[in-house]
Amino acid sequence: MAFKHMARKRVAILISGRGSNMVALIEAAKDPAYPAEIVLVVSNDPAAQGLHRAAASGITTAVVDHKTFGRDRESFERALHAEFQEHGVELICLAGFMRLLTPWFVRQWEGRLINIHPALLPAFKGLDTHARAIAAGAREHGATVHFVVPEMDSGPIILQGKVAVAPDDTEATLAARVLAVEHRIYPEALRLVAEGHATPTGA
Ligand code: GRF
């Protein structure tokens, strides 16, 4: 039987906080058969808890602190871009990364930059998705992995996972249920992208 060996895609994860989605991706990539390897974790916040968790898994970490660039977003992003190039990064996963990226950066990485959002897009773009879903009386909620385009929380959808909203759900209980879904679908979505089975055009 012919066996085609495919090189694993070199992936960087961008974080700003606790990094539980990052951990889910790192765990999935520990399997040598997984089509991506995590080569770098970058945080814009030097205090991000996720940096310790990445280092504990032996992953190279870097900090590009947006505060040192003031209002100059493009210089911040050029510094990020330089990190990715230095490490031969081929795909980027945003995982709780709390900075908006400029069209310049998004175009550099078009089709190779993905994000997870804690709602069933196109519903509830932006922040406080769980509270807003409850306030709206949504029966269903969930998470979406999508390709990043310049417009926030838009872009072609790769995978979604749903949860039912219970009548007695609080923001915290709903967030916890959605987070478990995030940890399941993000590694699955990265697999699809790394294997070339999900593309922004669907082609
Ligand atoms: C997740 O809910 C993610 O969907 C959102 O921010 C949260 C980050 O959590 N974008 P973590 O840092 O991955 O634990």
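For the structure, see preceding data.
Being a predicted model, the structure only gives us computed values, none of them experimental.

### A few points about unusual backbone geometry
Argument step 1. Note the cis peptide between Leu121 and Pro122, where omega equals 10 degrees.
Argument step 2. Turning to its location among the elements, Pro122 is positioned in the loop between strand 5 (113–117) and helix 5 (129–135).
Argument step 3. In this structure, Phe124 takes a positive phi of about 55 degrees despite not being glycine.
Argument step 4. Following the sequence through the fold, Phe124 ends up in the loop between strand 5 and helix 5.
Argument step 5. Phi angles above zero are rare outside glycine, and Asp153 is one such case at about 50 degrees.

### Comments concerning the packing of aromatic side chains
Argument step 1. Using the criterion set out here, one finds four aromatic pairs in the structure.
Argument step 2. Taken together, the aromatic side chains of Phe84, Trp104, Phe105 and Trp109 make up a single cluster linked through ring pairs.
Argument step 3. Residue placement shows Arg78 over the ring face of Trp104; its charged tip is 4.3 Å from the ring centre.

### Remarks on the nonpolar core
Argument step 1. With 41 residues, the main nonpolar core has Ile13, Ile38, Ile114 and Leu190 as its most contacted residues.
Argument step 2. When residues of this core are assigned to their parent elements, the largest contribution, nine residues, is made by helix 6 (residues 171–194).
Argument step 3. Apart from residues no more than four positions distant in its own chain, Ile38 is found in contact with Val11, Ile13, Leu25, Ile26, Ala29, Ile59 and Leu190.
Argument step 4. Core analysis: the second largest hydrophobic core is formed by 21 residues, Phe84, Ile92, Leu94 and Trp109 among them.

### With respect to the packing of helix 1 (residues 20–29) against helix 2 (residues 49–56)
Two measures define how a pair of helices packs: the angle their axes make with one another and the distance between the axes.
Argument step 1. Where helix 1 contacts helix 2, the axes come no closer than 9 Å and their chain directions differ by 15 degrees. When the interaxial angle is binned, helix 1 and helix 2 end up roughly parallel. The handedness of the crossing between helix 1 and helix 2 comes out as right-handed. Listed contacts from helix 2 to Ser20, Met22, Val23 and Ile26 of helix 1 are Gly50, Arg53 and Ala54.
Argument step 2. Partitioning the contact of helix 1 with helix 2 into residue classes produces four nonpolar, two polar and one charged.

### Quick word on the site of the ligand
Argument step 1. Taken together, Arg18, Gly19, Ser20, Asn21, Gly96, Ile116, Pro118 and Glu182 make up all the residues around the ligand.
Argument step 2. Separating an oxygen atom of the ligand from a side-chain N or O atom of Arg18 is a distance of 2.5 Å.
Argument step 3. With respect to the ligand, the backbone of Gly19 contributes an N or O atom lying 2.9 Å from an oxygen atom.
Argument step 4. Burial of the ligand by the protein chains amounts to 84% of its free accessible area of 370 Å².
Argument step 5. Among the residues forming the shell around the ligand, the class breakdown is two nonpolar, four polar and two charged.

### A short note on the packing of helix 1 against helix 6
Argument step 1. Orientation of helix 1 relative to helix 6, taken along the N-to-C sense of each, is 45 degrees, at an axis distance of 9 Å. Judged by the angle between their axes, helix 1 and helix 6 are oblique. For the element pair helix 1 and helix 6, the recorded crossing hand is right-handed. Contacts between helix 1 and helix 6 involve Ser20, Asn21, Ala24, Leu25 and Ala28 from the former and Leu179, Glu182, His183, Tyr186, Pro187 and Leu190 from the latter.
Argument step 2. Partitioned by chemical class, the residues of the contact of helix 1 with helix 6 number seven nonpolar, three polar and one charged.

### Some words on the pattern of salt bridges
Argument step 1. What the rule picks out here adds up to seven salt bridges.
Argument step 2. With a shortest N-O distance of 3.8 Å, Lys162 and Glu140 are connected by a salt bridge. A residue pair is termed long-range when its members are at least 10 positions apart, and Lys162 in strand 7 (residues 157–164) and Glu140 in strand 6 (residues 140–147) qualify at 22 residues.
Argument step 3. Taking relative accessible area as the criterion, Lys162 reaches 52% and is therefore assigned exposed.
Argument step 4. With a shortest N-O distance of 3.6 Å, Glu195 and Arg191 are connected by a salt bridge.
Argument step 5. Among the charged side chains, a salt-bridge network with shared partners connects Glu188, Arg191 and Glu195.

Thresholds applied
Residues numbered from 1 in each chain as written. Predicted model: local features only at pLDDT ≥ 70, side-chain atom pairs only at ≥ 80, totals over all residues. Heavy atoms only, no water. Helix = DSSP H or I, 4+ residues; strand = E, 2+ residues; numbered from the N terminus. Phe/Tyr/Trp six-rings, centres within 6.5 Å; stacked < 30°, edge-to-face > 60°. Lys NZ or Arg CZ within 6 Å of the ring centre and 35° of its normal. Core = buried A, V, L, I, M, F, W, Y, C linked by side-chain atoms within 4.5 Å. Buried < 20%, exposed > 50% of the residue type's maximum accessible area, 1.4 Å probe, protein only. Contact = heavy atoms within 4.5 Å. Axes fitted to C-alpha atoms, helices over the stretch in contact; angles between N-to-C directions. Parallel < 35°, antiparallel > 145°, perpendicular 65-115°, else oblique. Left-handed = near helix turned anticlockwise from the far one by under 90°. Nonpolar A, V, L, I, M, F, W, Y, C, P; charged D, E, K, R; others polar. Near = heavy atom within 4 Å. Polar contact = N/O pair within 3.5 Å; in protein donor to acceptor, adjacent residues only side chain to side chain. Areas by Shrake-Rupley, 256 points an atom, 1.4 Å probe, with all protein chains shown as cover. Salt bridge = Lys/Arg side-chain N within 4 Å of Asp/Glu carboxyl O.

Honestly, that's just the spatial picture; any functional story needs more than this.
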